[in-house]
Every structure is written in C-alpha cells, then in structure tokens.
Amino acid sequence: MSDLPLAELDAFAAIARLRSFRAAGKQRGVSASSLSEAMRRLEARLGVRLLNRTTRSVTLTDAGQRLLDRLAPMLGEIEAALDGLNSVRDRPAGRLRLNVPGIVARCVLPDIACRFLKLYPEIVLEVTSNDALVDVLAQGFDAGIRYEESLQQDMIALPIGPRRQRYVGAASPDYIALHGAPQHPSELVDHPAILHRFSSGRMQAWAFERGEEAVSVAPVARMIADSIDMEIAAAKAGLGMIFTFEDFLRDALASGELVQVLPEWEEAFSGPFLYYHSRKYMPAPLRAFVDFVRAEGR
C-alpha cells in the first residue's frame with residue numbers, strides 16, 4: 001500500500017469520466033500529454049490496458065470499466081475525508097466548479113460570484129458556460145445552475161438570482177419604420193427572425209401568452225447564431241426581429257437602439273436554481289456557496 005499510485009488512479013478516474021485527456025487535463029490544471037504519460041505508467045504497473053485511445057475518442061476497456069466501478073466510490077471517500085479538513089480551518093478553501101447556462105454566466109452570476117469570492121479569498125471559482133444539459137457530477141462539476149424545466153429529479157435545487165425573468169421581443173427603430181410593428185404574435189411569420197441555437201443544437205420556438213390565449217410561432221430565420229452579441233448586433237442593424245431574455249436586451253432598449261415589440265405578450269418565467277447532489281459529505285467550497293446563496297435569498 002505504501003507505493004499505491006493514488007495520483008495516477010485519480011487521473012485515470014477523471015479521464016474515464018470525461019472520456020477526454022484534454023478535458024481531464026483542463027479540469028486538473030495539467031497538460032494532456034502529462035496525463036497520457038501517467039496512464040502509460042499506470043497501465044505498465046498494472047500490466048493491463050485500461051483505456052482505448054484514438055485521435056478522436058477515449059473509451060474504457062473491460063478491465064478499465066471494472067477498475068472505475070470499484071475505484072470511484074473509494075476516491076469519493078478520500079476526497080470527502082480530505083475536504084473534511086476544511087472544517088477545522090477558519091475559512092473554507094479549495095476549488096468550486098460550476099456549470100451554468102450562458103444567460104446566467106452573463107447576467108446573473110457575476111455579481112453573486114464576486115461578492116462570494118471577496119468573502120472567501122481561499123476559494124477558487126471555476127465557471128463553465130454551457131447551455132446543454134449535462135450530468136454535473138459525471139463531468140467533474142460540484143454543482144450547476146439551470147432553469148426549473150431542466151432540473152434533474154435527484155438533485156437539491158436552491159433559488160439563485162432573480163426569481164422572475166422575462167422573454168421580450170425587439171427590433172430596431174429603422175426596421176419598425178420600414179416594416180411596421182406586429183400587433184399579434186401570429187404576424188411574426190411575415191418578419192425575418194434572428195434566432196439563437198443552443199449548444200445542444202436546439203432552437204427554441206417563440207412562445208407567447210396573454211390571458212387565456214397562448215401562441216407558438218416558428219419564425220423564418222434571417223440569422224441563426226450561438227452568440228447573443230452577434231444576434232443583438234443583427235437586430236440593431238435592422239435585419240429582423242429578436243426574441244430573447246430581457247436581460248440581454250436591457251441596455252439596447254434603454255438606449256433606444258432597439259424598441260420592444262408585442263409588450264403585452266411578454267413571457268415571464270421563474271428564475272434559475274443552483275442544483276447539487278444530496279451527498280452526505282459536501283465539499284467545503286460548495287457548502288460555503290450554498291450557505292451564501294441561502295443567506296442572499298433570505
């Protein structure tokens with residue numbers, strides 16, 4: 001046991017979870033080549049191949065899968081034991097990894113994160129922006145932030161940030177002067193649209209409600225992008241209608257570069273939630289963040 005290669009076993013578990021030397025290296029702050037060398041040493045030491053490597057993929061061999069199944073709970077216990085040492089510190093320390101959607105990374109989390117980090121100078125916050133649904137634990141994150149319809153059932157959810165947000169429609173004054181403003185959502189099919197494609201590949205239909213009436217529109221695209229900055233620039237240039245989070249458009253609406261359309265048809269919805277696994281031993285940085293968010297909510 002004195003020469004048990006714990007660091008190499010932990011590296012193997014990270015690579016196996018992420019199916020990528022590069023992603024595991026990024027998470028651990030080391031190069032992919034150093035992880036590759038560590039795996040060569042481990043496989044030579046054990047006398048069995050654990051990973052199948054190609055230029056495009058990393059997969060587990062049968063032996064690798066068996067090792068991971070037995071190893072993952074043990075490494076989790078070791079991590080929990082080491083993290084438990086934080087309880088004797090005056091202040092929590094360590095790394096907190098969050099996976100959040102783009103709207104949260106841009107408009108919700110910055111102020112919260114900065115105030116949190118000022119309180120806990122020994123915590124390193126690592127934020128990954130991703131609109132796709134991911135298994136936060138399998139991908140090596142401590143917690144995620146998502147909207148209510150995307151929360152996983154076996155997770156604890158805690159409100160974070162604004163409790164109500166809105167989708168609004170907008171266009172440039174020049175566009176409205178040239179083409180007119182729609183009076184009903186059904187008229188949007190006659191207007192070119194600036195659409196957002198999420199990282200999952202999904203494009204969201206435009207949905208509107210007013211009283212008992214609900215309307216869903218599949219507009220004709222003039223531009224499709226995964227960059228909200230490009231989409232807003234296109235709207236300001238008069239290329240078509242945009243329908244997105246009010247938070248993204250607030251500055252352009254305030255300056256008059258964009259004007260709201262169909263204001264009586266705004267779609268309001270509940271704000272985001274911090275979600276995390278209900279495990280017994282919560283890492284100290286995550287516990288500190290959860291307590292901070294709870295206190296903010298009160």
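Use the structure listed above.
A.B. asks: What am I meant to see in unusual backbone geometry here?
C.D. replies: As a rule of thumb, non-glycine residues mostly have phi less than zero, and peptide bonds are mostly trans rather than cis. With a phi angle near 55°, R19 is a residue other than glycine that sits in the positive phi range. Mapped onto the secondary structure, R19 falls in the loop between helix 1 (6-18) and helix 2 (21-28). The backbone of L262 sits at a positive phi, close to 50°, despite the residue not being glycine.

A.B. asks: When you look at helix 3 (residues 32-46) in this model, what are you seeing that I'm missing?
C.D. replies: Given 3.6 residues per helical turn, the α-helix brings residues three or four places apart onto the same face. With 15 residues, helix 3 ought to run about 21 Å at 1.5 Å a step, and its terminal C-alpha atoms sit 21 Å apart, in line with that. G47 sits one or two positions beyond helix 3 and adopts a positive phi of about 75°.

A.B. asks: I would appreciate a short explanation of the packing of aromatic side chains in the present structure.
C.D. replies: Within a pair of aromatic rings, the relevant descriptors are the distance that separates the centres and the angle that separates the planes. The tally for this structure, following the rule as stated, stands at twelve aromatic pairs. Through pairs of rings, three or more aromatic residues link up here, namely Y147, Y167, W206, F208, F243, F245, F248 and F269. A cation sits over an aromatic face here: R163 above F273, 4.9 Å from the ring centre.

A.B. asks: Whenever I open this one, the pairing of strand 7 (residues 164-171) confuses me. Can you help?
C.D. replies: Each regular strand shows side chains that alternate between the opposite faces of the sheet. The buried fraction of strand 7 amounts to six of the eight residues, a majority that puts the element mostly inside the structure. Bridge count between strand 7 and strand 12 (residues 241-245): four bridges; the pairing is antiparallel. Looking at the pairing, A170 lines up with I242 of strand 12. Pairing analysis gives three bridges linking strand 7 to strand 13 (residues 259-261), with the strands arranged antiparallel. The partner of A170 across the bridge, within strand 13, is Q260.

A.B. asks: What is the right way to look at the sheet that holds strand 5 (residues 143-146) in this model?
C.D. replies: Picture the strands of a sheet paired through backbone hydrogen bonds; they go either parallel or antiparallel. Spatially, five strands are ordered 4-3-5-15-6 in an open sheet, and the strand pairing comes out mixed. In the strand order of this sheet, the two ends are held by strand 4 (123-129) and strand 6 (155-159), each with one partner. With direction set aside, neighbouring strand axes in the sheet form an average angle of 25°. Inspection of the sheet shows strand 3 (residues 94-100) paired to strand 4 by seven bridges, in the parallel sense. Counted as the bridge partner of R97 is E126 from strand 4.

Rules and cut-offs
- Residues numbered from 1 in each chain as written.
- Predicted model: local features only at pLDDT ≥ 70, side-chain atom pairs only at ≥ 80, totals over all residues.
- Heavy atoms only, no water.
- Helix = DSSP H or I, 4+ residues; strand = E, 2+ residues; numbered from the N terminus.
- Expected span 1.5 Å × (residues − 1).
- Phe/Tyr/Trp six-rings, centres within 6.5 Å; stacked < 30°, edge-to-face > 60°.
- Lys NZ or Arg CZ within 6 Å of the ring centre and 35° of its normal.
- Buried < 20%, exposed > 50% of the residue type's maximum accessible area, 1.4 Å probe, protein only.
- Pairing = 2+ DSSP bridges.
- Axes fitted to C-alpha atoms, helices over the stretch in contact; angles between N-to-C directions.

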